[in-house]
Amino acid sequence: MTTITSSRGHTEVVSARRTELRDVSDIINLFSHFTEDVFGKIDVMHLLEKSNLSLILCNEKNEVIAHAAFLDYPNWNITDQSDWESFLHKNYLNNKCTPLNTLFMHLFVAKEEYAAGCSQEIIRRVFIAIPELQFILLFIPLSLLHCVGEVCCVFLFVCFVLFFKYIENSYHFLNIEKPQLEDYNDLMPIWMRQNETLKETYSEYFLADIIEHQDEENQAVVCEVNTAVGFMSLCSQVDVSLFHACFDLGPFHGLCKPHPEDVLKASQEPSIPEDRHLRRNLIIISELPKGEAITISHTELLLDYITYKDFKASASPLLETEEKDTFHPVYRGASNAVCIRLFCIDEKYETRSLDFLHYVFKLFPDKDFCIILVPHHVPEFCLIRSFVRVVPYFTTQLGHELYVFHRAGLLNYFITADFQFLTFQDIEYIRSHYNIEDFIHFNHHQQEEHGRLYHFALNPIFHHYTKHFLKEILRLAHKSSLYYPIYPQYEEGKFQNPCAHSLTSALHYMVPVRPRRQIVYPLEELGINAPSEQVSKDQLSYSLNHINRKLITESKTSINSRIVVVGASDVGISFLETLVFCPHLKFNNLTLISIHGLPGKDLPASKHRRFLINSHCFNDEDYAQMSLCSWVNIVVGKMIGINRTAKYVVISKQRKVPYDYLVLCMGQKYQVLSPTGADVSKLPTNRDVLSEWPQRYTGKVPSNHFTLNDDQDCLKAMHWLEENIVNSEGNVIVYGNTIDIYTTVETLLSLGINGSRIHLVQPPLSSNVTCLNNSEIESAVQEALSEAGVSVYYDSILAQWSKGDDPDLITCAAFTTNTKPFKLQCSAFFSFAYRTVDYETFKAINDACLVFDGRLVIDTEFHTNDVSIRAAGSLTKYSRKYYADECTHSNFNSKEIGFELATSMLNLFDPTLKPFSKPPEGMDSLIPMYKGCKIKGGILPRGCNYLHISKPEIPIHLDIELALSDHGMEIITGKARHGNYFRMHINKYSMVDSITCFSKTPFPVSNYICLYGQHERLLNDLHYRWNEGQITDLYSYFREPWSMAIYHDRFIDLKKELRQILLSEQVRKMTSKCILLFGQFVSVVHFGFFPHPSPKALCFCLAISFGKPEQILYLAGGFHQVQHIVWFHFFGIFLDLSVEPFTKLLCFPAQHFCITHAV
């Protein structure tokens, strides 16, 4: 907050913030006749979109009183934006302006009486926001010279005047020198404002001791602005061997002096593919503190430290555990670093913290690196933003982050030259497939202003200048936006192709762009209304990263807290996705521990994926478009222990992964079921063994016994079957009663295994709800199994399995039933009968003294009894104090659970979020209810595609549900045995409650998911048309053109906007007058001015009065009703009211939802 004084003596307390689009009208209101004379004709929206920095000053009432916009090239277009530097040197002598230290003002407006104070405050804020900035320039016409107030420097050029605003006039350079004991009193108030840890760790006179006891190895410096405002303590004795064990210091030569006996490379290195794009030169000319200029070749910087993994993943290392030891360089030279032991500075001057380092390197002329250790939980401060964060090894237990700065990083000038730039041709594809409009507005960007970044490699010592390099690339190439795609790893041969993937050290400065859900278009039915080929064409999916002029000057908040996620379940992936796609946050220490690493590594449409049912939370395209390996450290292993005191997780081979926050998302898995051991020769029944069943098998698992829990398990099983079963004789037993038994049987049949060799054995049900919960589909599946020759056994409990000559193989399995036991020859055994928490997981949780009650116990905020450990998914259950034992995360959508888990944790890290208010008394004892639908789909016997979408609830038998009085209605077309079954349940509120599809032909699953939760009238008056007998096939019905709007990813936004319009005060006033005059309106119609209104037209008026957009959309949906819309529109004009809301409201339905891809 700053107080400014007007020309009339009035004062205002103002605050500065970034300009937003909602400020455009307020900015325009500040324009005066003088604005256009000084700055020319300005399109404010366009200027905000293209500016590098725009600031707003607001008063305490949040009223905009001033605005300024700055770009990196001159206003008035007096020279080409890529050539302004030479233009200045040619026409204005002795100026020191460079692209690194200069911005140009393109607009300044303010309330007239506060203009002088606002201009000074905005200039001051700009210099604070960009520490490297030294000059702000403004060109104005020469004729207006008399209108401009005091400036620092004035230069004339033809018809323009160039004004310089130098930093010293608006902000202070810090005076750095050796401290004296007299500075102690000035420094103590700054010291005491630090956190409690410093106060408790050091005594009151600690600063005085440091100042008094300085020597060659221990030095201190102080910064002054009339008085001491900052302090730094340094030590040149650095134990770099400790850092070698904890951090990857290869890019910095281990912080050591070069030595002839250094071992920098392993005996064998993978070859790096030659790439002509990598050979282009980017010359960096830097001015060092001594005034010496050095020239560094871009290619030389690359070849010193590039590993083959850069081509496989991204700038973030992929920390997968390996069987063999990773090579670590050996450095034998002396330490080349000085360490900052203590640092504090007044908040008012913290953006000038880098001024310390000029003096530090003079104090230690033999040291090239300055380092600082920062605890993980400490928020990033201004000084370390100019440092380079060193990547830690994933097993390091040093509770600090290491930041490094090289003396060459103090450059104040660089030249970018000799580069090639290509325009991104697929911009329409990007616009339709990614939410790029979260960051830019396409109407203000020309096609040629979009560019693709192929390679960006920068010496780590200059890493803090990455954004300046990107800014220069945009300026010199006349671009406004850059895109960097990352292709999935399973595409072989793409790593050598620069069009597919490369390496970049700029990834963390870009923002990942969320993909958009795509409509599966029925192109034949749409005909000429189908979207263009650019939108609908199939392309290789990739993750998109983006940066533009606005984002260049917006800093991300770095989060160094170590967040470790255990389990690559849908919940865990959704949690990581939510954190990664926060555009203003940068999580440096996200780690995923998973037995098989990240999912989605296999080629799309692989046959082994058909073994298990699909939750449709994520698919291959989603994994490719997320590229989590670019942001998350992957540790391949299994959690076997948790040390809550030391805060680390023990994984296989006793390796330790430290954490600050641990998130457990493993879920329940199929376990190896132990035979009951009943002697079948004595003819036991299920009643004799049921009390001992089920139990976990603790012995060595036979090699032909399979429990499938993820894609890698399925792939391993398929390879084994192809090698041992497909071309041989022998039975395959599938045991269980989940829906996975049917998908597994269908996969076995598709592999060529004869149905007579497959035996489907089902144990007794634990409840009356079957896995399909639909008698018609169950009958069709049983009929398909019978046709295929598959033998089915019911209510059978595994009693024994016997081994033949090979003790590692199951050769025979025996089962008990309600009557008599039976035996089956066995060559392969698939078990889906026992799903629970993995034993190793249970042991790790139990040994860590986390509360376990059949599942891991959590509260409504995902907390366990340890504040640092959270959990979610089917692994968990709610505490008994909520009296909701049956309601678990298993009943809800896993993707939604992961999102809510991430949202709850973002409150710990995101400074922009407002803290949650405490719930009302008594509400904290209620469990949260989630709205997302539960989905399961797969391919069942006879090759039928199955999909079931349902609301989140405790399962109930369908027949019982149908018998309820408030059940609603169900719409069914087709027959399951014919392979064209479609069932849709509409609840008592006329909302789509569940969808079940069973079809021989594939159908668009993503489209049908959008139907869940929609009002039936939005579905083209579904109830009415069904009752009238107009619908005979729901599959063809939902391929009609009108339905495309429902499938659009922004249809939900449209509904919300319409509701806001209807509930707005303007519309309420209009509708109230409409209701009063409705009788007159009907009378006018009856007198013959218009045809008689239909009942739907009357309902339309009533719908508006009640504010129900669903009814409005329904009533406006058909072409035959457009005339009634026009009548009401006319009525609005007749009342002399604004019709702008209705224009937007009514025109969209009148299009009959044909141009859906342009919504």
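Scroll up for the structure.
Quick summary incoming for the structure in this document. All values reported here derive from a predicted model rather than from experimental measurement.

1. Some thoughts on the sheet that holds strand 35 (residues 758–761)
Now for step 1: Spatial ordering of the open sheet is given by 33-40-34-35-36, a layout of five strands whose pairing is parallel. Two strands lie at the open edges of the sheet, namely strand 33 (705–706) and strand 36 (791–793), each paired on one side alone.
Now for step 2: Relative to strand 40 (residues 828–832), strand 33 runs parallel, the two sharing two bridges. Pairing of Phe 706 across the sheet is with Phe 830, part of strand 40.
Now for step 3: Contacts from helix 22 (residues 711–724) reach strand 33 and strand 40 within the one sheet, and its direction differs from that of strand 40 by about 155°.

2. Thoughts on the pattern of salt bridges
Side chains bearing opposite charge may pair, as long as their charged atoms lie close to each other.
Now for step 1: Here the structure, examined in full by the defined rule, presents 37 salt bridges.
Now for step 2: In this structure, the salt-bridge partner of Glu 437 is Arg 1050, at a minimum N-O distance of 3.3 Å. Within this pair, whereas Glu 437 is found in the loop between helix 14 (427–433) and strand 19 (450–452), its partner Arg 1050 is found in the loop between helix 31 (1044–1047) and helix 32 (1051–1063), the two being separated by 613 residues in sequence.
Now for step 3: Between Lys 638 and Glu 840 there is a salt bridge, and its shortest N-O distance comes to 3.3 Å. Highlighted residues: Lys 638 in the loop between strand 27 (633–636) and strand 28 (639–643) and Glu 840 in helix 25 (residues 839–847), separated in sequence by 202 residues.

3. Concerning the side chain of Thr 817
Now for step 1: If you trace the backbone, Thr 817 turns up in the loop between strand 38 (812–816) and strand 39 (822–825).
Now for step 2: Assessed through its relative accessible area of 9%, Thr 817 is described here as buried.
Now for step 3: For Thr 817, the side chain forms a polar contact with the main-chain nitrogen of Thr 819, separated by 3.1 Å.
Now for step 4: When sequence neighbours within four positions are dropped, the list of residues in contact with Thr 817 reads Thr 685, Asn 686, Asp 795, Ser 796 and Phe 822.

4. Side note on the state of the cysteines
Now for step 1: If you walk through the whole model with that rule in mind, you get zero disulfides.
Now for step 2: Here Cys 235 stays unpaired: no disulfide links it, and the sulfur of Cys 339, its closest cysteine neighbor, is 7.0 Å away.
Now for step 3: Residue classification places Cys 235 among the buried residues on the basis of a relative accessible area of 11%.

5. Remarks on the pairing of strand 40
Now for step 1: Most of strand 40 is tucked away, with five of its five residues classed as buried.
Now for step 2: Across the two faces of strand 40 the burial is the same, with Ala 828, Phe 830 and Phe 832 and Phe 829 and Ser 831 all buried.
Now for step 3: One ladder, built from five bridges, connects strand 34 (residues 732–736) with strand 40; its direction is parallel. Across the sheet, Ile 733 pairs through a bridge with Phe 829, a residue of strand 40.

6. What about a nonpolar patch on the surface?
Now for step 1: A surface patch of nonpolar side chains, amounting to about 200 Å² of accessible area, comprises Val 263, Phe 327 and Val 330.
Now for step 2: Along the chain, the position of Val 330 falls in the loop between helix 12 (309–312) and strand 14 (337–345).
Now for step 3: When its relative accessible area of 33% is taken as the criterion, Val 330 is described as partly exposed.

7. Here's the deal with the packing of helix 23 (residues 740–750) against helix 24 (residues 775–788)
A pair of packed helices is captured by two measures, namely the crossing angle of their axes and the spacing between those axes.
Now for step 1: At a minimum axis separation of 12 Å, helix 23 and helix 24 run at an interaxial angle of 30°. Comparing their axes, helix 24 and helix 23 come out roughly parallel. In this structure, the crossing between helix 23 and helix 24 has a hand that is left-handed. Packed against helix 23, whose contacting residues are Tyr 742, Val 745 and Leu 749, the element helix 24 presents Val 781, Gln 782, Leu 785 and Ala 788 at the interface.
Now for step 2: Counted by class, the contact of helix 23 with helix 24 contains six nonpolar, one polar and no charged residues.

8. Remarks on the packing of helix 19 (residues 570–580) against helix 26 (residues 894–909)
Now for step 1: Contact geometry of helix 19 with helix 26 gives a least axis separation of 7 Å together with a crossing angle of 45°. As judged from the angle between their axes, helix 19 and helix 26 are oblique. Relative to helix 26, helix 19 is oriented so that their crossing is right-handed. When helix 19 is examined against helix 26, the residues Asp 570, Val 571, Ser 574, Phe 575, Glu 577, Thr 578 and Leu 579 are found in contact with a partner set consisting of Ser 894, Lys 895, Ile 897, Gly 898, Phe 899, Leu 901, Ala 902, Met 905 and Leu 906.
Now for step 2: Here the contact of helix 19 with helix 26 is built from residues that sort into nine nonpolar, four polar and three charged.

Conventions used here
Residues numbered from 1 in each chain as written. Predicted model: local features only at pLDDT ≥ 70, side-chain atom pairs only at ≥ 80, totals over all residues. Heavy atoms only, no water. Pairing = 2+ DSSP bridges. Helix = DSSP H or I, 4+ residues; strand = E, 2+ residues; numbered from the N terminus. Contact = heavy atoms within 4.5 Å. Axes fitted to C-alpha atoms, helices over the stretch in contact; angles between N-to-C directions. Salt bridge = Lys/Arg side-chain N within 4 Å of Asp/Glu carboxyl O. Buried < 20%, exposed > 50% of the residue type's maximum accessible area, 1.4 Å probe, protein only. Polar contact = N/O pair within 3.5 Å; in protein donor to acceptor, adjacent residues only side chain to side chain. Disulfide = S-S within 2.5 Å. Patch = residues over 30% accessible without salt bridge, like charges linked within 9 Å, V, L, I, M, F, W, Y side chains within 5 Å. Areas by Shrake-Rupley, 256 points an atom, 1.4 Å probe, with all protein chains shown as cover. Parallel < 35°, antiparallel > 145°, perpendicular 65-115°, else oblique. Left-handed = near helix turned anticlockwise from the far one by under 90°. Nonpolar A, V, L, I, M, F, W, Y, C, P; charged D, E, K, R; others polar.

All we've got here are geometric facts, nothing functional implied.
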